[in-house]
Amino acid sequence: MQDHYAFSDTAFEAQFKAGTFPAELFTHEAHFRLAWIHIHRYGVVQAEENIVQQLQDYVAHLGATDKFNMTLTVAAIKAVAHFKAKANHTRFKDFITAFPRLQTHFKELLAQHYQKVNYTSEEAKRVFVESDVMGF
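Note that the coordinates shown come from a computational prediction; the quantities given were computed from them, not determined experimentally. (Residues numbered from 1 in each chain as written. Predicted model: local features only at pLDDT ≥ 70, side-chain atom pairs only at ≥ 80, totals over all residues. Heavy atoms only, no water.)

**Looking at the overall build of the chain**
Here is step 1: Scanning the chain from terminus to terminus reveals 8 helices and 0 strands.
Here is step 2: Listing the helices and strands of the chain from first to last along the sequence gives α-α-α-α-α-α-α-α.
Here is step 3: Its C-alpha atoms put the chain at 40 × 35 × 25 Å along the principal axes.
Here is step 4: Among the 136 residues that make up the chain, the fraction classed as buried is 43%. (Helix = DSSP H or I, 4+ residues; strand = E, 2+ residues; numbered from the N terminus. Buried < 20%, exposed > 50% of the residue type's maximum accessible area, 1.4 Å probe, protein only.)

**Comments concerning the packing of aromatic side chains**
The way to describe two aromatic rings as a pair is by their centre distance and the angle between their planes.
Here is step 1: Under the defined criterion, the tally for this structure stands at 12 aromatic pairs.
Here is step 2: Ring centres of F83 and F99 lie 5.0 Å apart, and the angle between their planes is 40 degrees; this geometry places the pair in the tilted category. Linking F83 in helix α4 (residues 70-86) with F99 in the loop between α5 (92-98) and α6 (101-104), this pair joins segments that are 16 residues apart in sequence.
Here is step 3: Given a relative accessible area of 12%, F83 falls into the buried group.
Here is step 4: Residue class for F99 comes out buried when judged on its relative accessible area of 14%.
Here is step 5: Among the aromatic side chains, those forming a connected cluster through ring pairs are Y5, W36, F83, F92, F95 and F99. (Phe/Tyr/Trp six-rings, centres within 6.5 Å; stacked < 30°, edge-to-face > 60°.)

**Here's the deal with the nonpolar core**
Here is step 1: Of all hydrophobic cores here, the largest spans 40 residues; its most connected members are F12, F21, F26, V80, F95 and L102.
Here is step 2: Secondary structure elements with two or more residues in this core: α1 (9-18), α2 (28-42), α3 (44-62), α4, α5 and α7 (106-111).
Here is step 3: Among the elements that line this core, the one with the most residues is α4, at 9 residues.
Here is step 4: Apart from the residues within four sequence positions on either side, F95 is in contact with W36, V80, F83, K84, H89 and L102. (Core = buried A, V, L, I, M, F, W, Y, C linked by side-chain atoms within 4.5 Å. Contact = heavy atoms within 4.5 Å.)

**Comments concerning the side chain of T71**
Here is step 1: Tracing the backbone shows T71 in helix α4.
Here is step 2: Here the side chain of T71 touches V127 through a polar contact of 2.9 Å, landing on its backbone oxygen.
Here is step 3: Once residues within four sequence positions are removed from consideration, T71 is found in contact with Y114, Y119, A124, V127, F128 and V129. (Polar contact = N/O pair within 3.5 Å; in protein donor to acceptor, adjacent residues only side chain to side chain.)

**Brief notes about the environment of H113**
Here is step 1: Along the chain, H113 turns up in the loop between α7 and α8 (122-126).
Here is step 2: In this structure, the C-alpha to C-alpha distance between H113 and N50, residues 63 residues apart in sequence, is 23 Å.

**Quick notes on α1**
Here is step 1: All of the buried residues in α1 are F12, E13 and F16. Looking straight down α1, one finds its buried side chains confined to an arc of 95 degrees; they lie on one side. Among the exposed residues of α1, those oriented more than 90 degrees off its buried face are T10 and A18.
Here is step 2: The elements touched by buried residues of α1 are α2 and α3.
Here is step 3: Residue G19 follows α1 closely and has a positive phi angle near 80 degrees. (Arc of directions from axis to C-beta.)

**Section: the packing of α3 against α4**
Here is step 1: Running from amino to carboxyl end, α3 crosses α4 at an angle of 145 degrees, the nearest separation of the two axes being 10 Å. For the crossing formed where α3 meets α4, the hand is right-handed. Contacts between α3 and α4 involve V44, A47, E48, I51, V52, L55 and Q56 on the former and, on the latter, M70, T73, V74, I77, K78 and A81.
Here is step 2: Among the residues forming the contact of α3 with α4, the class breakdown is 9 nonpolar, 2 polar and 2 charged. (Axes fitted to C-alpha atoms, helices over the stretch in contact; angles between N-to-C directions. Left-handed = near helix turned anticlockwise from the far one by under 90°. Nonpolar A, V, L, I, M, F, W, Y, C, P; charged D, E, K, R; others polar.)

Below, the structure is given as structure tokens:
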């Protein structure tokens, strides 16, 4: 398998939820795809709940709980929701092509929302830290 696109949205979502999605395929882009799928199917609020829980379970299964960051996870979901609302793409590939900054300049996007808050702090890893500059 070369990348997450080898999986349909349904298979990707199901395997991630079950903790069987190949870790080497869960890239930065795949994280955004998971958010896009959940927002598309369940709405933003439920997507946040689903992804936070599933991602915590996934990293625990992999023995990589230190990789989880609540603030970055929720901010990524909110960013995907923001851009998803701007265009009605029915395929993630079209969406990420239309909004490549999510993939290539995500930290710059975050810098527009966080100035004084360290979104990589221990607190930000445990709980969602609200933006101190501009909401999502």
